[in-house]
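Coordinates in review
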Amino acid sequence: QVKLVESGGGLVQPGRSVTLSCTVSGSISAIIAMGWYRQVPGKERELVASINRGGATNYADSVKGRFTISSDSAWSTVYLQMNSLKPEDTAVYYCNLRGYESISGSHDDYWGQGTQVTVSS
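Residues numbered from 1 in each chain as written. Predicted model: local features only at pLDDT ≥ 70, side-chain atom pairs only at ≥ 80, totals over all residues. Heavy atoms only, no water.

Brief notes about the sheet that holds strand 7 (residues 67-71)
Spatial ordering of the open sheet is given by 1-3-8-7, a layout of 4 strands whose pairing is antiparallel. Looking at the sheet topology across the chains shown, the edges are occupied by strand 1 (3-7) and strand 7. Taking each pair of neighbouring strands and ignoring which way they run, the sheet shows an average axis angle of 15°. Pairing of strand 7 with strand 8 (residues 77-82), which is carried by 5 bridges, proceeds in the antiparallel orientation. In the strand pairing of strand 8, Ile69 is matched with Leu80. (Pairing = 2+ DSSP bridges. Helix = DSSP H or I, 4+ residues; strand = E, 2+ residues; numbered from the N terminus. Axes fitted to C-alpha atoms, helices over the stretch in contact; angles between N-to-C directions.)

This is the structure we're talking about:
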């Protein structure tokens, strides 16, 4: 069973930076991709950034040029570097892992518990 734990959220002033971390524990046959999503009350969860095993990244238009997703070589921790933060970046940020389990032949999504990021002066 895979477990994801996010950290690094909190209150940050507009224009400042913060880095979120997602620590992966447990085992799975293969990690296909990992990503960061965010959600505000009353709205659907949206993709912020993703990275696949080949290193290809994808970003929401609203964060391009400001946010950077990366992982360590072991894929045990995934980061989201957030620069030039804006009040509209305020949300709960969730880590996601999409993996493949060879025993069942299934592709599964795993989620962390979320970490609150509040951008305010």
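Some details on the pattern of salt bridges
Per the counting criterion, the structure on display carries 5 salt bridges. Here Asp89 makes a salt bridge to Arg38, at a shortest N to O gap of 3.0 Å. Within this pair, whereas Asp89 is found in the loop between strand 8 and strand 9 (91-101), its partner Arg38 is found in strand 4 (residues 30-39), the two being separated by 51 residues in sequence. A single salt-bridge network, built from bridges that share partners, covers Arg38, Glu46, Arg66 and Asp89. (Salt bridge = Lys/Arg side-chain N within 4 Å of Asp/Glu carboxyl O.)

Overview of the pairing of strand 9
With respect to burial, strand 9 is a largely interior element, 8 of its 11 residues being buried. Where strand 4 and strand 9 come together, 9 bridges link them in antiparallel fashion. Bridge assignment links Ala30 to a residue of strand 9, and that residue is Tyr100. Relative to strand 11 (residues 115-119), strand 9 runs antiparallel, the two sharing 3 bridges. Directly across from Ala91, in strand 11, lies its bridge partner Val117. The sheet contact formed by strand 9 and strand 10 (residues 106-111) spans 6 bridges and is antiparallel. The residue bridging Tyr100 from the neighbouring strand is His107, located in strand 10. Counting the residues between successive antiparallel strands, the hairpin from strand 9 to strand 10 contains 4 residues, one of them, Gly105, with a positive phi of roughly 75°. (Buried < 20%, exposed > 50% of the residue type's maximum accessible area, 1.4 Å probe, protein only.)

Brief notes about the environment of Arg38
On the accessibility criterion, Arg38 (7% relative accessible area) is buried. Taking C-alpha positions, Arg38 is 19 Å from Gly15, a pair spaced 23 residues apart along the chain. Ignoring sequence-local partners within four residues, the contact set of Arg38 consists of Glu44, Arg45, Glu46, Val48, Ser62, Val63, Phe67, Glu88, Asp89, Ala91, Val92 and Tyr93. Polar contacts involving the side chain of Arg38 include one to the side chain of Ser62, which spans 3.3 Å. Polar side-chain contacts of Arg38 include one of 3.0 Å to the side chain of Asp89. (Contact = heavy atoms within 4.5 Å. Polar contact = N/O pair within 3.5 Å; in protein donor to acceptor, adjacent residues only side chain to side chain.)

Here's the deal with the pairing of strand 5 (residues 46-52)
The pairing of strand 4 with strand 5 spans 6 bridges and is antiparallel. Its bridge partner lying in strand 5, Met34 is registered against Ile51. Taken together, strand 4 and the strand that follows it, strand 5, pair antiparallel across an intervening segment of 6 residues, in which Gly42 is found at a positive phi of about 85°. Pairing analysis gives 3 bridges linking strand 5 to strand 6 (residues 57-59), with the strands arranged antiparallel. For Ala49, the partnering residue across the bridge sits in strand 6 and is Tyr59.

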